[in-house]
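# Observations on chain architecture
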Amino acid sequence: MELSQRSKTNIDFENLFSLNTLTISTFPKYGSNPELINNMLRNDVLNDVSYKSGRVLGAMSTQPHFFAAKLYSEYMEKNLGDRGLNPGTAKIEAKLVQMMGSLLGASHTDAIKGNMTSGGTESNIIAIYLAKSLQPEISHPNIVLSEAAHYSFEKIARLMNIELRFAHLKDDFHPDMHEYQSLINDSTIALVGIAGTSALGLVDPTDKIAELARKYHKFLHIDGAFGGFVLPFLEKLGHQFPIYDFRSPYINTISVDPHKMGMNVNPSGIFLVKDGDDDNSKVKKENGFKIPYLAGGGFRTFNILGTRPGAPAISFWGLIHLLGFEGFLEIVQQAWDLTKYLEDQIQKLPQLSTVCSPETNVLGIQFSNENNIRSSKKIKKLNQILREHDWYLGFFENRGLLRFVSMPHVNQAHIDEFLNDLKRILYYHF
Ligand code: 0PR
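This one's a predicted model, so the numbers in the text were calculated from it and none came from an experiment.

We now examine the packing of aromatic side chains. Inspection of the entire model under this criterion finds nine aromatic pairs. When the centroid spacing of 4.8 Å and the interplanar angle of 85 degrees are considered together, the rings of Phe229 and Phe328 count as edge-to-face. Separated by 99 residues along the polypeptide, Phe229 in the loop between β5 (219–224) and α8 (231–236) and Phe328 in helix α10 (residues 311–347) bring together distant segments of the chain. Like Phe328, Phe229 is buried. Taken together, the ring pairs connect Phe229, Phe233, Phe316, Phe325 and Phe328 into an aromatic cluster. Here the guanidinium or amino end of Arg247 rests over the ring plane of Tyr244, the centre of that ring lying 5.3 Å away. The positively charged end of Lys381 is found above the aromatic ring belonging to Phe430, 4.8 Å away from the centroid.

So this is what it looks like as structure tokens:
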């Protein structure tokens, strides 16, 4: 099996770019034959863990759907950085934006604009950039957000010189909304709500955050990188969430990532903005970055990337048409059922417990009856041993938890195999 062929390498990830850890490769003088090249590649690539091995139980990404992969490989030359050369692909992107807007609660009268991005990080950057540039009079801007926010906001803070004002988490792992409100001031350029947190997949009280946006006239961005493509389906299955999308008139922008539960190829994110009419258009007022010289003439863009792949827009557009809402509903249903199955099984183990009841297909696992420091140490050890046994969960050291994400590549047999190994590891090592 693929896994047993993997040689254990000790890669020092923290110092990956320091020269002495890199193998020195020289630029080859002459070409080689493809078979030889493939063999050379295989030696290295075999060290990667594949999704289809079923061993990746803690990532928010998955094996791309075969149809998305097929379309991607057919349209790899498309460059959305040059819409003048690729008006057809740009049109697909525009349609995709409208489709995602309608999935996320926009009505046909809402002016939804947006674009494909390289993922949640870029979408979050664009949203906060838009909020900032619409309020140039604020000289020391801040944004208010939950402590559970993704680290892309740290990048945003440093890139744009923005202060992050974090509301702490309560015992239920949702942000303390009294504190959240108290952090808002005249220099607040945006409030952020998270629809599906990175560690636990939880949904912020986005209804309460929207109420604050209304009360204080603030820009509101929803980071739905993960949950934006899960919650609409879970709602259909009867789950209830605070409103996290354009059904709220106070939500301005949303990030949602097709390369997570959308099973699209990497990289693919979507940035959506609900714009005002022509006189109140945020997008027109800010206008984005001007690209003056490309084949199609001057146009403007909000994207951070210059050249950007068009194939992910085409492949996701195609995949949505292939599966439809009902097809994705089945995928989310299975992901949810498996999450509940694992929750049930973990609760039967005396040493472990779940951090909280899952709201989406993400489950936090911790040691039971331990104080934070001891639990953190033990979870670190467990994570290490699981990795030695080729099981890959998300490891959140600061929160003392392992993250399981039930992505489409995970099935019940994988979970049962994992539970068998886990029980043995707990017996021998803890
Ligand atoms: N917002 C939230 C809530 C996220 O969870 C993430 C990433 C982002 C924004 C940023 O998205 P991009 O990574 O697309 O820019 N969440 C994943 C995570 O932290 C990213 C990931 C995915 C990491 C797969 C590792 C992995 O194997 O888990």
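Next up on the list: the sheet that holds strand β10 (residues 352–354). Strand pairing within a sheet occurs via backbone hydrogen bonds; the two strands may be parallel or antiparallel. The four strands are arranged β10-β11-β13-β12 in an open sheet whose pairing can be described as antiparallel. Either end of the sheet is taken by a strand with one partner, and the two such strands are β10 and β12 (394–396). For this sheet, the mean angle separating the axes of adjacent strands, direction not counted, is 30 degrees. Contacting β10, β11 (362–367) and β13 (401–405), α10 crosses the sheet at an angle of about 10 degrees to β11. Contacts between helix α11 (residues 372–388) and the sheet are confined to β10, β11, β12 and β13, with β11 contributing the most and set at about 115 degrees to the helix.

You can see Lys70 is positioned in helix α2 (residues 66–74). The spatial distance from the C-alpha of Lys70 to the C-alpha of Thr354 is 38 Å, given a sequence separation of 284 residues. Here Glu74 takes part through its side chain, which lies 2.9 Å from a polar atom of the side chain of Lys70.

Take helix α3 (residues 87–103) next. For α3, spanning 17 residues, the distance from its first C-alpha to its last is 24 Å, which sits close to the expected 24 Å at 1.5 Å a residue. Residues of α3 that are buried: Thr89, Ala90, Ile92, Glu93, Leu96, Val97, Met100, Gly101 and Leu103. Backbone geometry just after α3 places Gly105 at a positive phi near 80 degrees.

Attention now moves to the nonpolar core. By size, the foremost hydrophobic cluster in this structure holds 55 residues, and its most contacted members are Met100, Leu191, Phe229, Leu272 and Phe316. The element that contributes the greatest number of residues to this core is α10, accounting for nine residues. Core analysis: the second largest hydrophobic core is formed by 26 residues, Ile126, Ile128, Leu134 and Ala149 among them.

On to the site of the ligand. Taken together, the neighbourhood of the ligand is formed by 16 residues, with Thr121, Ser198, Asp223, His259 and Arg403 sitting nearest. Asp223 is positioned such that a nitrogen or oxygen atom in its side chain is 2.7 Å from a nitrogen atom of the ligand. Between His259 and the ligand, the recorded distance is 2.8 Å, taken from a side-chain N or O atom to an oxygen atom. Coverage of the ligand by the protein amounts to 75% of the 590 Å² it exposes when considered alone. Of all the elements, helix α4 (residues 120–133) adds the most residues to the shell around the ligand, at three residues. In the shell around the ligand, the residues fall into three nonpolar, nine polar and four charged. Inspection of the shell around the ligand shows a minimum of three residues originating in each of domain 1 (50–64 + 325–429) and domain 2 (69–320).

The rules behind the values
- Residues numbered from 1 in each chain as written.
- Predicted model: local features only at pLDDT ≥ 70, side-chain atom pairs only at ≥ 80, totals over all residues.
- Heavy atoms only, no water.
- Phe/Tyr/Trp six-rings, centres within 6.5 Å; stacked < 30°, edge-to-face > 60°.
- Helix = DSSP H or I, 4+ residues; strand = E, 2+ residues; numbered from the N terminus.
- Buried < 20%, exposed > 50% of the residue type's maximum accessible area, 1.4 Å probe, protein only.
- Lys NZ or Arg CZ within 6 Å of the ring centre and 35° of its normal.
- Pairing = 2+ DSSP bridges.
- Axes fitted to C-alpha atoms, helices over the stretch in contact; angles between N-to-C directions.
- Contact = heavy atoms within 4.5 Å.
- Polar contact = N/O pair within 3.5 Å; in protein donor to acceptor, adjacent residues only side chain to side chain.
- Expected span 1.5 Å × (residues − 1).
- Core = buried A, V, L, I, M, F, W, Y, C linked by side-chain atoms within 4.5 Å.
- Near = heavy atom within 4 Å.
- Areas by Shrake-Rupley, 256 points an atom, 1.4 Å probe, with all protein chains shown as cover.
- Nonpolar A, V, L, I, M, F, W, Y, C, P; charged D, E, K, R; others polar.
- Domains from an automatic or database assignment.

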